[in-house]
Amino acid sequence: MSINPVILYGPSGQPVQSSRKLIHGAGNTPTTESWPTVYEDFKNSVPVHSRHFTVSACRKLFSNLGFIREAVEGKAIASVGNHFMPTYNGSDPNGKIWEKWLRETWCPTAELSGQIDWATGRFLESTNVDHSGDIGVLLTYRGGGETKWPCIQYVAAHRINFRVGLTSGEVTGQECKGANKYKGRSYEDGVIFDTMGIPIAYALIGEKPELDKVVPAESFILLKEPTFLDQARGLPAFFHAILESRSVMTTQDRESFAQVIASSLAITEENETGTDEGPFSKKAENTGDDGLSTQEYLGGLIRYFRSGSGGKINVVQHSRPGQAWESFQNRLIRMACAPVWPDQLCWDFGKLSGPGVRAVQGKARRFVSDRQSLLSSSALKQITFALSVAFETGRLPRPTELDWDKWAFVNPPKISIDDGKDSKADQDAYFAGFKNLTEILSDASKELEPHFRQRAKEIVLKEVIRREESEAAGIEGWEIPPEDMGTKVGSAANTATPPTEVEEETKEETPDEETD
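Right, let's walk through the structure included here. Here the structure is a predicted model, which means the values were calculated and not measured.

Scoring rules and cut-offs
- Residues numbered from 1 in each chain as written.
- Predicted model: local features only at pLDDT ≥ 70, side-chain atom pairs only at ≥ 80, totals over all residues.
- Heavy atoms only, no water.
- Axes fitted to C-alpha atoms, helices over the stretch in contact; angles between N-to-C directions.
- Helix = DSSP H or I, 4+ residues; strand = E, 2+ residues; numbered from the N terminus.
- Parallel < 35°, antiparallel > 145°, perpendicular 65-115°, else oblique.
- Contact = heavy atoms within 4.5 Å.
- Nonpolar A, V, L, I, M, F, W, Y, C, P; charged D, E, K, R; others polar.
- Pairing = 2+ DSSP bridges.
- Buried < 20%, exposed > 50% of the residue type's maximum accessible area, 1.4 Å probe, protein only.
- Phe/Tyr/Trp six-rings, centres within 6.5 Å; stacked < 30°, edge-to-face > 60°.
- Lys NZ or Arg CZ within 6 Å of the ring centre and 35° of its normal.

## A word on the packing of helix α4 (residues 95-106) against helix α8 (residues 355-393)
So, point 1. Two numbers describe how α4 lies on α8: the axes approach to 11 Å, and their chain directions differ by 105°. With respect to their mutual orientation, α4 and α8 come out roughly perpendicular. Taking contact as the criterion, the partners of W98, W101, L102 and W106 in α4 are, on α8, Q382, I383, A386, L387, A390 and F391.
So, point 2. For the contact of α4 with α8, a count of residues per class yields 9 nonpolar, 1 polar and no charged.

## Let's talk about the side chain of D92
So, point 1. Looking at the element boundaries, D92 is found in the loop between β1 (86-88) and α4.
So, point 2. Those residues within four positions of D92 in sequence are excluded, and the remaining contacts are W98, P399, T400, E401 and D403.

## Focus on the sheet that holds strand β7 (residues 199-204)
So, point 1. On the basis of which strands lie adjacent, the open sheet formed by 5 strands has the order β4-β5-β6-β7-β8 and antiparallel pairing. Edge strands, defined here as strands with exactly one partner in the open sheet, are β4 (168-170) and β8 (213-216). Mean inter-strand twist for the sheet, computed between neighbouring axes without regard to direction, equals 25°.
So, point 2. Both strand β6 (residues 191-193) and β7 contribute to a ladder of 3 bridges, which runs antiparallel.

## Some remarks on the pairing of strand β2 (residues 134-142)
So, point 1. For β2, the tally of buried residues reaches 7 of 9 residues, placing the bulk of the element in the interior.
So, point 2. In this sheet, strand β9 (residues 220-224) lies alongside β2 in antiparallel orientation, the contact comprising 5 bridges. For V137, the partnering residue across the bridge sits in β9 and is I221.
So, point 3. Bridge count between β2 and strand β3 (residues 149-155): 7 bridges; the pairing is antiparallel. Bridging across to β3, Y141 finds its partner in P150.
So, point 4. If you look at the hairpin formed by β2 and β3, you'll find 6 residues sitting between the two strands, and G143 has a positive phi there, around 85°.

## Topic: the packing of aromatic side chains
Any two aromatic rings considered together are summarised by their centre-to-centre distance and by the angle between their planes.
So, point 1. Throughout the structure, instances matching the rule amount to 14 aromatic pairs.
So, point 2. On the numbers, 4.9 Å between centres and 75° between planes, the contact of F162 with Y187 is edge-to-face. On the criterion of sequence distance, the pair formed by F162 in the loop between β3 and β4 and Y187 in strand β5 (residues 186-188) is long-range, its members being 25 residues apart.
So, point 3. A relative accessible area of 4% places F162 in the buried class.
So, point 4. Taken together, the ring pairs in this structure connect Y88, W98, F391, W404 and W407 into an aromatic cluster.
So, point 5. Across the ring face of W118, the terminal group of R122 is positioned such that the distance to the ring centre comes to 3.7 Å.
So, point 6. The ring of Y141 has K148 lying over it, and the distance from NZ or CZ to the ring centre is 4.6 Å.

Here's what the structure looks like:
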């Protein structure tokens, strides 16, 4: 006996075919929403106008949603703090001179307008990368000749482009100042490419059309964190959650409005007429003959309803927004924050304990480390540009070693939820040889040499004060014991005894092996 197969028909009337593909989701099915195939260059998948809308939406979300602003600025503060000063790590003998010039002279005045200090500049670079997708840094000058002074100028994301209407295509040479040099080159969203697809110049929009210009890539830094291989420009950090975040804003606004309505109602009165004929019908504050004042319920605190069956008074109960709404909002917020910053650090930290706390701390540190790598790369280009101009103008001695560009930056203290436990772990790692003191001090935003110099000054000062106060006491043959000052007895360094004297005393006390 033969069995006839059962044929299923979809909504369009066509038979539903069984998928024989290796990946079940590699195609649309009648039970799922139809998706178009996106298998092309990024510039075709996300046209320039779509990226502009994405940036606009994320800027609005950043400006209006607290958890997004906390995620963006929280990461920036943890990555930069009030630090990020350059430290020379090379072997050139002039390194300390360069370092001092950068820290004390150039970094405080590096920004062209003079309104943004060095640390604030790193902070703005981080926040703009997250809410606008990218930010530009123009390496420029003030003055000329021997008085030429190196400067940086920040360029907002929406000013990295040609004028409106010129989003992609080929440079004609007539667009603005400097464009003729790149005539015939392809461009996309303000980035001009060579035949290999490498950025060679950037178009910048000025306050007026005559101030528009094209600058070479050597004089411009575009900070971004690309998500796709062939991105010309960056995408905001929350591009994945625009719809979810808009839902948070919409429901929050509507629930706030509902709360305003609910809070304006204290009592409802039901009567036969639906008017204010009941016990709350007075219209103003009255003072009776007995001197007592009666305050009426005005401003919409009472509503009257026709009952048709007698009268009654109800006290309005507030039950919104409710646990279901709160749970859904939390879900949307977690989805939005997941690839950007731990949501527990910007929304609801109270529910964490134990291993969860350590996991959040580790995740936050990884985010910070990644962001510091981006900021360090930009900062290194900026300070080496400043140094090259200073060498050229004779402000600083020229390098004698090849590693003149070997620099690091002082980072803020690492995020720590349990400082005591982390400090104990560092101490154990140091004595076990797993960590150097330089690494430990770096985690605390300190530098090795200044740390030792400060400790040495404290030791010397403590000994000077001990001797001065002992003499001032006027007691013959007595002085303040070093251990009472917190000093380890017998330590040459801590008792301010010159090392040469200690070596001589030790040599005199040690028997001569040849004599023995």
